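One letter stands for each residue in the lines below.
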Amino acid sequence: MLDNVLVRCFFLVSFIVFHGCGDSSQDNQIQHANDQPRADSQVVPNRNSALLEATNVYGPLLVAEGEFDSEADVRPWSAWWLPVRSSYLFKGENGEFAPLEKYDKYRNKRMLNVGTSNAAGFEREHFYDPDAAPWEGLCNAWATAAVLEREPRKPLTLGDLILSVGDLKALLIKTYESAEGLEYFGQRYDGDSASVYDDIYPDQFHKIIQAVLFEQHRSFIIDKEPGMSVWNIPIWKAHTKIERDSADGRILHVRTWLTGASPFIDDIDYVGTLPLSFEYVYDLYGIYQGDGIFNITHGVWMGPSVDFHPDFVTVMGEKIVHKSRNIEVENSVVSDLVSMAGF
C-alpha cells in the first residue's frame, strides 16, 4: 500500500493560532459509498492547486486493496480544552488557587529576581471572554502539546503550594498557544468561502495518514469536521479498508477509522488517553499500475462524510518553536515545574 516517496519541502506557518473545541457527538450511521452518486471515473476534476500540498510534500498516493492498521510510537494524552469563557485558568474557587495563580506564587517565591509575576491577571484582562462561543478554547494548544510533550502524571508539592496534574497540564498547554513550524494541509473555513466544504480532498487526507502515521508512526492533528468552529483532535491510530469497485476498476471504496485522544474529560486531573473515534468514507480514483498497486489521481467524500470530514490537518514539522500568548508565562518555568513533578 505504501510508497516510499517523501518530499521534504515543509511549508512553515509562523505563530498562527487556531482556537476551538466543542462537543464530541457525531452521526455514526455510515452509508455505503455507492449510495452517493458516482462521478465519471475517467475524468479528473479541476481542483485548487493550493489544496494539493500533501502530494507536493509527500509524493503521489499509491494504494492497494486490503485492510491496514497502524499506531503512532507515542500516544497523545487527554486533557481539558480550557474554554475561553471559563475563568478556570486565573480564578480559583472554594479556597483553591487557579493554575496561573499557583504559577505566579511559585515565580514570586522561588525566582526573586523577576519582579512580580502576574500571569493570572494578564489572562483575565487579555484572553478571558465570558461571551465567547461555546466551542472556543485551547484545543489547538492542547493537541500540539499532547503530541510533543510527555504527559504530566503526578502532582507536585512545594511546601504549602500543591500543583495538581490538571494544573500542570493547563500550564503546559498554555505554552503551546502559538507554535512555529507546524504544517497545515487543507484550509480552515472562516465563513468567506463559496462552500463550507472547500477544505481538504480525501486523497490528500489519505496521503497524510499513509505518510505520517503508517510510514513514520507519528501522530497528527485533525479539525474533525467542516464549519467555522475548530475541533482539533490529536490522532494516534488508524484502520483503513480499501475495496475495488466490482463494476469500475478505477474506483476504490475506502473506509477509514481514526482514533484520537479526547479533550472531553469529566475529571480535570485525568491521566492517560481517553479514546475518541471517527469514521470517514470516501472513494479514491486511480490507475492500476500492476502488482496490486493503484496510482491515485483524486478522491471524493461519500455518504455522511460529504458533510462530516476533516476541515484541515496539522502535522508537526521538524522543529517546533512554541510560546504562550500570555507574556507572563515562560516556557522554562513551566518545564521546571513539570520536571519536578516527574512522569
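A. Main features of the packing of helix 2 (residues 99-110) against helix 3 (residues 119-126). At their nearest, the axes of helix 2 and helix 3 sit 7 Å apart, and the two run at 145 degrees to each other. Residues Leu100, Glu101, Tyr103 and Asp104 of helix 2 pack against Ala119, Ala120 and Glu123 of helix 3. A per-class count over the contact of helix 2 with helix 3 returns 4 nonpolar, no polar and 3 charged.

B. Summary view of the side chain of threonine 273. Here threonine 273 lies in the loop between strand 8 (251-261) and strand 9 (275-290). Only 2.5 Å separates the side chain of threonine 273 from the backbone oxygen of proline 76, close enough to count as a polar contact. Residue contacts for threonine 273: discarding those within four places in its chain leaves Arg75, Pro76, Trp77, Ser78, Trp236 and Ala261.

C. Here's a closer look at the packing of aromatic side chains. Taken as a whole and judged by the stated rule, the model has 13 aromatic pairs. Relative to phenylalanine 127, the ring of phenylalanine 122 lies with its centre 6.0 Å away and its plane at 55 degrees, an arrangement referred to as tilted. The residues phenylalanine 122 and phenylalanine 127 share a single accessibility class, namely buried. Chaining the aromatic ring pairs together yields one cluster made of Phe205, Phe278, Tyr280, Tyr282, Trp301 and Phe308. The lysine or arginine in question, arginine 47, covers the ring of tyrosine 201, its NZ or CZ lying 4.5 Å from the ring centre. Lying across the ring of tyrosine 288, arginine 244 places its NZ or CZ 5.1 Å from the centre.

D. Structural detail: the packing of helix 2 against helix 5 (residues 165-174). With their axes 9 Å apart at the nearest point, helix 2 and helix 5 run at an angle of 85 degrees to one another. Classed by the angle they form, the pair helix 2 and helix 5 counts as roughly perpendicular. Taking contact as the criterion, the partners of Pro99, Leu100, Lys102 and Tyr103 in helix 2 are, on helix 5, Asp167, Ala170 and Leu171. Counted by class, the contact of helix 2 with helix 5 contains 5 nonpolar, no polar and 2 charged residues.

E. Fine view of unusual backbone geometry. Unusually for a residue other than glycine, asparagine 94 sits at a positive phi of about 55 degrees. Mapped onto the secondary structure, asparagine 94 falls in the loop between strand 2 (66-71) and helix 2. Residue classification places asparagine 94 among the exposed positions, given a relative accessible area of 77%. Positive phi values are uncommon outside glycine, yet histidine 217 reaches one of about 55 degrees.

F. Inspection of the pairing of strand 10 (residues 293-301) at higher detail. Sheet topology note: the strand 1 (residues 62-63)/strand 10 ladder contains 2 bridges and is antiparallel. Bridged to leucine 62 within strand 10 is asparagine 295. Examined bridge by bridge, strand 9 and strand 10 share 8 bridges and lie antiparallel to one another. Counted as the bridge partner of glycine 290 is isoleucine 293 from strand 10.

G. How the structure looks around the environment of alanine 119. If you trace the backbone, alanine 119 turns up in helix 3. Residue classification places alanine 119 among the buried positions, given a relative accessible area of 0%. A sequence separation of 209 residues divides alanine 119 from glutamate 328, and the C-alpha atoms of the two residues are 4.7 Å apart. Not counting the four nearest positions on each side in its chain, alanine 119 is found in contact with Leu100, Tyr103, Asp104, Asn326, Glu328 and Val329.

H. Geometry of helix 5. Counted residue by residue, helix 5 has 10 buried out of 10 residues, so it is predominantly covered. Residues of helix 5 that are buried include every one of Val165, Gly166, Asp167, Leu168, Lys169, Ala170, Leu171, Leu172, Ile173 and Lys174, and no others.

I. Representation of the confidence of the model for the chain within the structure. Residue-level pLDDT values for the chain average 86, and 83% of them are 70 or greater. With pLDDT under 50 throughout, residues 22-37 is counted as low confidence; its partners more than four residues away or in other chains account for 32 contacts.

J. Focus on the pattern of salt bridges. Summed over all chains, the structure comprises 12 salt bridges. Across the salt bridge formed by lysine 102 and aspartate 167, the nearest N and O atoms sit 2.5 Å from each other. Of this pair, lysine 102 sits in helix 2 while aspartate 167 sits in helix 5, and the two are 65 residues apart along the sequence. Owing to a relative accessible area of 7%, lysine 102 belongs among the buried residues under this scheme. For aspartate 167, a relative accessible area of 4% corresponds to the buried category. Ionic pairing is found between lysine 109 and aspartate 160, a salt bridge with its closest N-O pair at 3.9 Å. Residue lysine 109 is located in helix 2, and its partner aspartate 160 is located in the loop between strand 3 (156-158) and strand 4 (161-163); the two are separated by 51 residues in the primary sequence. Within the structure, one salt-bridge network assembled from shared partners comprises Glu123, Lys174 and Glu177.

The rules we used
- Residues numbered from 1 in each chain as written.
- Predicted model: local features only at pLDDT ≥ 70, side-chain atom pairs only at ≥ 80, totals over all residues.
- Heavy atoms only, no water.
- Axes fitted to C-alpha atoms, helices over the stretch in contact; angles between N-to-C directions.
- Helix = DSSP H or I, 4+ residues; strand = E, 2+ residues; numbered from the N terminus.
- Contact = heavy atoms within 4.5 Å.
- Nonpolar A, V, L, I, M, F, W, Y, C, P; charged D, E, K, R; others polar.
- Polar contact = N/O pair within 3.5 Å; in protein donor to acceptor, adjacent residues only side chain to side chain.
- Phe/Tyr/Trp six-rings, centres within 6.5 Å; stacked < 30°, edge-to-face > 60°.
- Buried < 20%, exposed > 50% of the residue type's maximum accessible area, 1.4 Å probe, protein only.
- Lys NZ or Arg CZ within 6 Å of the ring centre and 35° of its normal.
- Parallel < 35°, antiparallel > 145°, perpendicular 65-115°, else oblique.
- Pairing = 2+ DSSP bridges.
- pLDDT = per-residue confidence, 0-100.
- Salt bridge = Lys/Arg side-chain N within 4 Å of Asp/Glu carboxyl O.

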